[in-house]
Amino acid sequence: HYFIQSNLRMNETARGFLVLLGAVLIHITLGVLYCFGNFSTYIASYLRYKTKFTDIRFSNTQWILTLMVCGQGSTMVLGGLLEKKIGTRLTILLGCVCLSTTTALSYFSIHSFYGLIVTYGLLFGFSIGIAYSTALTLSMRWLPKYKGVVAGSVVAGFGLGAMVFNPIITKFINPDNVSPDVAPYPDKPEEKYFGPDNDAILNRVPYCFLVMAAFFVGLQTIGNLLLKAPPQQLVQNNTYINGPSENGPPSSKSPEDDEQGDALLPGQQVQDELDLTPLEVLKSRNFWILWFAFFCNNQGICYCSTYWKVGFLRKL
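Only a predicted model underlies this, so the values are computations on that prediction, with no experimental measurement involved.

Q: Teacher, can you tell me more about the overall build of the protein chain here?
A: Secondary structure assignment for the protein chain yields 10 helices and 0 strands. Going from the N terminus to the C terminus, the protein chain shows its helices and strands as α-α-α-α-α-α-α-α-α-α. The contacts of the protein chain with a sequence gap of at least 6 include a subset with a gap of at least 24, amounting to 77%. Element-wise, carbon and sulfur atoms account for 64% of the exposed surface of the protein chain, whose accessible area totals about 16,600 Å².

Pasting the structure below:
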């Protein structure tokens, strides 16, 4: 009996790591958000010389990433609500489909700065928010004993998005790594754009959205095929904060002990007295501390992710 139980646990763990791999692949596509600093140099140049928005500058393109981050934050709650209604796998799939679709739609919307803000900014961010936390939650349900590994791996996948897709963007749009050659503002000669002499580079910019969407579909398809809901027994065994004991009933740990005990896993079912209404959450000091930390963190993300390449180009 013990041998059979051990084998079942090993099989569950192995399956859990496959689910984790699927979540990482999906997060790599979500992490393309961090490619914006590279992509924005080509987007701004295209808008200036291929559309009627001839006065667009790098500072204007920051709105795209800002709305992307705002969209992500605003729909992470929606992702949790959708998970309760339609299930974790369908919620993740919905986020993936929206991400690939909005990226492909940007092929058309790039002819309008405001259209691009909507598709590659706000809607793209909405898609990230829907899939982000649910993929992490599903992996943790499979591997409750490896919470640190799961969280670190999934978040690392999100960061890997830039490492994977930045070379793809550059190789497709600017294969010879040509530097921008037009400085339209005499008082700021270091602010350079790709002009009409680099017409081939500019013409590739809209098609890059389609290339990225194709990569997204491929990675997300593999990732979603690896996802699977955990068996009910595994979920029940992790219903309580400490989980069930080796040979006995679930732990009787009280809710008050959680302040000094282990943190709750996302998605765990706990005692009713631990549940908070939205109004109670807004009255919580911890909520506002986390909110302020997230706000400050994203100020740096929006600035650095938009201007890191522009800053280096000024040195050329």
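Q: Help me understand the nonpolar core in this model?
A: Among soluble globular proteins, nonpolar side chains are generally buried collectively. One finds Phe39 and Tyr120 to be the most contacted residues of the largest nonpolar core, which totals 64 residues. Of the residues forming this core, the biggest block, 13 residues, is contributed by helix H5 (residues 113-142). With residues up to four places along the chain from it excluded, the contact list for Tyr120 reads Phe36, Phe39, Ile64, Met68, Ser106, Phe209 and Met212.

Q: It is not clear to me how the side chain of Thr75 should be interpreted in this structure. Could you clarify?
A: Mapped onto the fold, Thr75 is located in helix H3 (residues 58-86). If we skip the residues at most four places from it in the chain, Thr75 touches Gly125, Phe126, Gly129 and Ile130.

Q: Quick question: what am I supposed to make of the pattern of salt bridges here?
A: It is possible for side chains of opposite charge to pair when their charged atoms get near one another. The final tally for this structure, using the stated rule, is 3 salt bridges. Notably, a salt bridge pairs Asp199 with Lys50, separated by 2.5 Å at the nearest N-O pair. Separated by 149 residues along the polypeptide, Asp199 in helix H7 (residues 199-226) and Lys50 in helix H2 (residues 36-50) bring together distant segments of the chain. The class for Asp199 is partly exposed, based on a relative accessible area of 30%. Among the residues examined, Lys50 registers a relative accessible area of 32% and is labelled partly exposed.

Q: Would you explain the packing of aromatic side chains in this entry?
A: The relation between two aromatic rings is expressed through the spacing of the ring centres and the mutual angle of the planes. Tallied over the entire structure, the rule returns 18 aromatic pairs. Each residue in the set Phe39, Tyr120, Phe124 and Phe209 is aromatic and connected to the rest through ring pairs, giving one cluster. Positioned above the aromatic ring of Tyr193 is the side chain of Arg48, whose terminal nitrogen or guanidinium carbon lies 4.7 Å from the ring centre. Here the guanidinium or amino end of Arg57 rests over the ring plane of Tyr185, the centre of that ring lying 3.9 Å away.

Q: Explanation requested: the packing of H3 against H5 in the structure shown.
A: Where H3 meets H5, the axes come as close as 6 Å, and the angle between the chain directions of the two elements is 40°. Judged by the inter-axis angle, H3 sits oblique to H5. When the axes of H3 and H5 are compared, the crossing they make is right-handed. When its residues are assigned to classes, the contact of H3 with H5 shows 16 nonpolar, 13 polar and 2 charged.

Q: Looking at this structure, how should I read unusual backbone geometry?
A: Excluding glycine, most residues fall at negative phi; most peptide bonds, likewise, are trans. A positive phi angle, close to 55°, is found at Asn177, a residue other than glycine. Within the element layout of this structure, Asn177 appears in the loop between helix H6 (147-173) and H7. In this structure Asn177 comes out as exposed when scored by relative accessible area, which is 57%.

Q: What is the right way to look at the packing of H3 against helix H4 (residues 88-109) in this model?
A: Each pair of packed helices can be described by the angle between their axes along with the distance between the axes. The geometry of H3 relative to H4 is characterised by a closest axis approach of 7 Å and an angle of 130° between their N-to-C directions. Classed by the angle they form, the pair H3 and H4 counts as oblique. Here H3 and H4 pass one another in a crossing that is right-handed. Contacts between H3 and H4 involve Gly79, Leu82, Glu83 and Ile86 from the first element and Thr88, Leu90, Thr91 and Leu94 from the second. Residue composition of the contact of H3 with H4, by class: 4 nonpolar, 3 polar and 1 charged.

Q: How do you make sense of a nonpolar patch on the surface when you look at a structure like this?
A: On the surface, a nonpolar cluster with roughly 650 Å² of combined accessible area is contributed by Leu279, Leu282, Trp288, Trp291, Phe292 and Phe295. For the nonpolar patch, the secondary-structure elements that each account for two or more residues are helix H9 (278-282) and helix H10 (285-313). Looking at where Phe292 falls in the secondary structure, it is placed in helix H10.

Q: I tried to follow the environment of Ala131 on my own but got confused; where do I start?
A: Relative to the helices and strands, Ala131 is located in helix H5. Owing to a relative accessible area of 0%, Ala131 belongs among the buried residues under this scheme. In sequence terms Ala131 and Thr88 are 43 residues apart; their C-alpha atoms lie 9.1 Å from each other. Ala131 has contacts with His27, Leu30, Ile92 and Gly95, leaving out every residue within four places of it along the chain.

Cut-offs applied
- Residues numbered from 1 in each chain as written.
- Predicted model: local features only at pLDDT ≥ 70, side-chain atom pairs only at ≥ 80, totals over all residues.
- Heavy atoms only, no water.
- Helix = DSSP H or I, 4+ residues; strand = E, 2+ residues; numbered from the N terminus.
- Contact = heavy atoms within 4.5 Å.
- Areas by Shrake-Rupley, 256 points an atom, 1.4 Å probe, with all protein chains shown as cover.
- Core = buried A, V, L, I, M, F, W, Y, C linked by side-chain atoms within 4.5 Å.
- Buried < 20%, exposed > 50% of the residue type's maximum accessible area, 1.4 Å probe, protein only.
- Salt bridge = Lys/Arg side-chain N within 4 Å of Asp/Glu carboxyl O.
- Phe/Tyr/Trp six-rings, centres within 6.5 Å; stacked < 30°, edge-to-face > 60°.
- Lys NZ or Arg CZ within 6 Å of the ring centre and 35° of its normal.
- Axes fitted to C-alpha atoms, helices over the stretch in contact; angles between N-to-C directions.
- Parallel < 35°, antiparallel > 145°, perpendicular 65-115°, else oblique.
- Left-handed = near helix turned anticlockwise from the far one by under 90°.
- Nonpolar A, V, L, I, M, F, W, Y, C, P; charged D, E, K, R; others polar.
- Patch = residues over 30% accessible without salt bridge, like charges linked within 9 Å, V, L, I, M, F, W, Y side chains within 5 Å.

Such coordinate-based values are descriptive only and should not be taken to indicate function.
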